[in-house]
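Residue-level structural notes
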Amino acid sequence: MSDAVLQVDNLVKHYGDVQAVRGVSFSVEEGEVFGLLGPNGAGKTTTVEILEGLRNPDGGYVRVCGFDPQVSARELKHEIGASLQSTSLPDKLRVIEALRLFAGFYKRSRDPEELLKRFGLEEKRNTFYSKLSGGQKQRLALAMALINNPRVLFFDEPTAGLDPQVRREIYDIIEELRREKKTILMTTHYIEEAERLCDRVAIVDHGKVIACGSPRELKQRSGGNTRIEVKLAKPAANGTLKNLEGVVDVREVDGTYVLHTQRPPQAIVSLVKHLESEGNELVSLEIATPSLEDVFIEMTGRRLRD
Ligand code: ATP
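Attention here is on the structure that accompanies the text.

Cut-offs used in this document
- Residues numbered from 1 in each chain as written.
- Predicted model: local features only at pLDDT ≥ 70, side-chain atom pairs only at ≥ 80, totals over all residues.
- Heavy atoms only, no water.
- Salt bridge = Lys/Arg side-chain N within 4 Å of Asp/Glu carboxyl O.
- Helix = DSSP H or I, 4+ residues; strand = E, 2+ residues; numbered from the N terminus.
- Buried < 20%, exposed > 50% of the residue type's maximum accessible area, 1.4 Å probe, protein only.
- Near = heavy atom within 4 Å.
- Polar contact = N/O pair within 3.5 Å; in protein donor to acceptor, adjacent residues only side chain to side chain.
- Areas by Shrake-Rupley, 256 points an atom, 1.4 Å probe, with all protein chains shown as cover.
- Nonpolar A, V, L, I, M, F, W, Y, C, P; charged D, E, K, R; others polar.
- Contact = heavy atoms within 4.5 Å.
- Pairing = 2+ DSSP bridges.
- Axes fitted to C-alpha atoms, helices over the stretch in contact; angles between N-to-C directions.
- 1 Å grid on protein atoms, 1.4 Å probe; cavity = no way out; pocket = protein on both sides within 12 Å on 5 of 7 lines; lining within 4 Å.
- Points joined across faces, edges and corners; volume = space filled by probe spheres on them.
- Core = buried A, V, L, I, M, F, W, Y, C linked by side-chain atoms within 4.5 Å.

This paragraph deals with the pattern of salt bridges. For the structure on display, the rule yields 22 salt bridges. Between Glu-32 and Arg-200 there is a salt bridge, and its shortest N-O distance comes to 2.5 Å. With a gap of 168 residues between them, Glu-32 in the loop between β2 (18-28) and β3 (33-37) and Arg-200 in strand β8 (residues 200-205) connect regions that are remote in the sequence. Overall, Glu-32 belongs to the buried group, its relative accessible area being 12%. The salt bridge partner of Lys-242 is Asp-249, with a shortest N-O separation of 3.7 Å. For Lys-242, a relative accessible area of 44% translates into the label partly exposed. Residues joined by salt bridges that share partners form a network here, namely Arg-227, Glu-229, Asp-294 and Arg-303.

Right, here's the structure in full:
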């Protein structure tokens, strides 16, 4: 028997005809930051909501801190903290009131003043919720998730819709929690976020886990190749780019040719020569070091980004 904090085995959930989760399995150990990475509609939120006890599954086995969320919601409440995809509080609730209100829901809670300080909200303590910026609202949501000093944290798309600078502030907060060895399950559709914050990642697509491992393992599995993305003035003749020197694989994704190579300079030189000989032209060229995006493209033929 594993002593995993989270255990999910063959989880299934549908909404009418929509098969949102189709046999998802993974486990999360104490102190791990585990990410569900996938495009919109992949089934990430549904999975997390089942673990939080907010939705009932149609099949499969789920344990959170040893509890079945379907039958032990009351016990589970003291073990978990969650920030949902969109937190919505009454407009006229002040920051400190929100934290005190949530503290009152639990037998044991952390000091709201300490959380205000930690999440940089001291100056906003008496500000109405409606007057907070997006980043401040999200910091408050994360502070509220910690109010009962939970064993496990669920963060559903913690930085969605935030601008890059604010997103980095949230990364800092999550990295600090990671250093404190908090167990965290987070969902995201940002590759950078999963690579930077997560010890392990399950890549989810159409309700299934298509790959799982540490970001490094997943990237190595995808060959660890550099990606050269090119747009051409005219379509390349079938298969010709694959034969270029230094190129190990080519895929066409949404009109862009994605060349995989371990020798980028050779690949670029041979590409340019080839295009000249074909009377074709480069419209754009981008070089990307290996990322989880490659794993996704390799397994689905699609991009993860919208
Ligand atoms: P997103 O980040 O967009 O929320 P997700 O990966 O979290 O994506 P889910 O929200 O779990 O995905 O949705 C999975 C599928 O289930 C989608 O096709 C979605 O439209 C559908 N779905 C989600 N909630 C419901 C619901 N309450 N009723 C009907 N269909 C739903």
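Still more to cover.
It is generally the case that most residues other than glycine have a negative phi and that most peptide bonds are trans. Phi is positive for Lys-181, close to 65°, though the residue is something other than glycine. Relative to the helices and strands, Lys-181 resides in the loop between α6 (164-179) and β7 (183-188). Here Lys-181 falls in the exposed class, since its relative accessible area comes to 59%. Phi angles above zero are rare outside glycine, and His-206 is one such case at about 45°. Mapped onto the secondary structure, His-206 falls in the loop between β8 and β9 (208-213).

Another point: the site of the ligand. As a matter of local geometry, the ligand sits amid 14 residues, with Gly-41, Gly-43, Lys-44, Thr-45 and Thr-46 nearest to it. A distance of 2.9 Å separates an oxygen atom of the ligand from a polar backbone atom of Ala-42. Interatomic distance of 2.5 Å between a side-chain N/O atom of Thr-46 and an oxygen atom of the ligand. Relative to its unbound accessible area of 620 Å², the ligand is 64% covered by the protein chains. Sorting the residues of the shell around the ligand by element identifies β2 and α1 (44-51) as the ones contributing at least two each. Classifying every residue of the shell around the ligand by side-chain character gives five nonpolar, six polar and three charged.

Locating Gly-23 in the fold gives a position in strand β2. Sequence separation of Gly-23 and Gly-59 is 36 residues, and the distance between their C-alpha atoms is 8.4 Å. Other than its neighbours up to four places away in sequence, Gly-23 contacts Asn-10, Leu-11, Val-12 and Gly-207.

Turning our eyes to something else, we now look at the sheet that holds strand β1 (residues 6-15). With respect to topology, three strands assemble into an open sheet ordered β2-β1-β4, the strand pairing being antiparallel. At either end of the open sheet lies a strand with only one pairing partner, and these are β2 and β4 (59-64). Here the average twist between neighbouring strands, direction ignored, is 25°. Strand direction decides the pairing type here: β1 and β2, joined by eight bridges, are antiparallel. Each bridged residue has a counterpart across the sheet, and for Lys-13 the counterpart in β2 is Val-21. Those strands touched by α1 are β1, β2 and β4, and its axis lies near 120° from that of β1.

With that settled, consider the layout of surface pockets. Here the largest pocket is characterised by a volume of approximately 490 Å³. If you go around the largest pocket, you meet 20 residues; those closest to its centre are Gly-81, Ala-82, Leu-84, Phe-102 and Tyr-106. In terms of residue count, the dominant contributor to the lining of the largest pocket is strand β5 (residues 80-83) (four residues). Tallied by class, residues from the lining of the largest pocket come to 13 nonpolar, five polar and two charged.

Mapped onto the fold, Val-24 is located in strand β2. The sequence separation of Val-24 and Val-8 amounts to 16 residues, and the corresponding C-alpha distance is 7.0 Å. Those residues in contact with Val-24 that sit more than four places away from it in its chain are Val-8, Asp-9, Asn-10, Leu-11, Gly-207, Lys-208 and Val-209.

One finds Phe-119, Leu-140, Phe-155, Ile-184, Val-201, Ile-203 and Leu-292 to be the most contacted residues of the largest nonpolar core, which totals 46 residues. Ranked by residue count, the leading element in this core is α6, at six residues. Excluding residues within four positions of it along the chain, Phe-155 makes contact with Ser-83, Leu-142, Ala-145, Ile-174, Leu-177, Ile-184, Leu-185, Met-186 and Thr-187. One finds Val-8, Val-21, Ile-80 and Val-204 within the second-largest nonpolar core, a separate group that totals 25 residues.

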